[in-house]
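# Secondary and tertiary structure notes
One letter stands for each residue in the lines below.
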Amino acid sequence: MSFTHVVMFKWKDESFDAQAVAEALQSAVAAIDGVQSYVCGPDVNLSPGSFDFAVVGTFDDRDSFLTYRDNPEHQRIIKEMINPHLESRSVAQLES
C-alpha cells in the first residue's frame, strides 16, 4: 500500500527564495530508498490565497515515509532552511 505525504508552507517573508530548499530536498530524497515519486517547489501563483511552497512525496509504504521523515539530512533541511522562514504549515497524508 503506497503512502503519499503532502505538505504546504507559508513563508514569513513572501520574497524568500525557496529554490535552494527545493534543490536540497530533491538531493536528500535521491539517497533514500522507497521513494516512488517526489515533487517540490515554489507555488506558481495562479490562485489567490495559495501556499508558497509544496512537497508531494509518494513512498512504497509507511515505513519508507518514516525513513524519509527521520533522515538526518531531511531533518537538517527542516531545522536550518525551512523553520527559520516558516509562518505556517499544513500536512495531509494518504494511503492507497
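Residues numbered from 1 in each chain as written. Predicted model: local features only at pLDDT ≥ 70, side-chain atom pairs only at ≥ 80, totals over all residues. Heavy atoms only, no water.

You'll find the protein entered in an unreviewed UniProt entry as Stress responsive A/B barrel domain protein, with Mycolicibacterium tokaiense given as the organism. The heading Subunit (unreviewed entry) in the UniProt record of the protein holds the text "Homodimer." (UniProt positions renumbered as here; feature names shortened; annotations may be inferred.)

A tally of regular secondary structure across the protein gives 3 helices and 4 strands. Helices and strands appear in the protein in the N-to-C order β-α-β-β-α-α-β. Over its C-alpha trace the protein gives a radius of gyration of 13 Å, about what one expects of a compact globule, namely 12 Å for 96 residues. In the protein, which comprises 96 residues, the proportion classed as buried is 35%. Excluding contacts between residues fewer than 6 apart, the proportion of contacts in the protein whose partners are at least 24 apart in sequence is 73%. When the accessible surface of the protein is split by element, carbon and sulfur atoms take 50% of a total near 5800 Å². If you average the places of the 7 positive and of the 15 negative side-chain charges in the protein, the two averages end up 7 Å apart. (Helix = DSSP H or I, 4+ residues; strand = E, 2+ residues; numbered from the N terminus. Rg over C-alpha atoms; globule rule 2.2 N^0.38 Å. Buried < 20%, exposed > 50% of the residue type's maximum accessible area, 1.4 Å probe, protein only. Contact = heavy atoms within 4.5 Å. Areas by Shrake-Rupley, 256 points an atom, 1.4 Å probe, with all protein chains shown as cover. Lys, Arg positive; Asp, Glu negative; His and termini not counted. Charge placed at Lys NZ, Arg CZ, Asp CG, Glu CD.)

All right, on to the nonpolar core then. Counting residues in hydrophobic clusters, the biggest one holds 23 residues, and the most contacted among them are Phe9, Leu25, Phe53, Val55 and Tyr68. Contributions of two or more residues to this core are made by β1 (3-11), α1 (19-29), β2 (35-42), β3 (53-59), α2 (62-70) and α3 (72-82). At 6 residues, the largest contribution of residues to this core is made by α1. (Core = buried A, V, L, I, M, F, W, Y, C linked by side-chain atoms within 4.5 Å.)

All right, on to the sheet that holds strand β4 (residues 86-95) then. The 4 strands are arranged β2-β3-β1-β4 in an open sheet whose pairing can be described as antiparallel. Because the sheet does not close on itself, it has two edges, and the strands there are β2 and β4. Ignoring which end each strand starts from, the neighbouring axes of this sheet average 10 degrees apart. When β2 meets β3, the two strands line up antiparallel, connected through 7 bridges. Bridge pairing in β3 places Val39 opposite Val56. Lying on the sheet, α1 is in contact with β2 and β3; it crosses β2 at an angle near 170 degrees. (Pairing = 2+ DSSP bridges. Axes fitted to C-alpha atoms, helices over the stretch in contact; angles between N-to-C directions.)

Before going further, it helps to spend a moment on the UniProt feature "domain: Stress-response A/B barrel" (unreviewed entry) in the protein. As annotated by UniProt and renumbered to match this structure, "domain: Stress-response A/B barrel" (unreviewed entry) occupies residues 3-94. End C-alpha atoms of residues 3-94 are separated by 6 Å, and the span's content is 34% helix alongside 36% strand.

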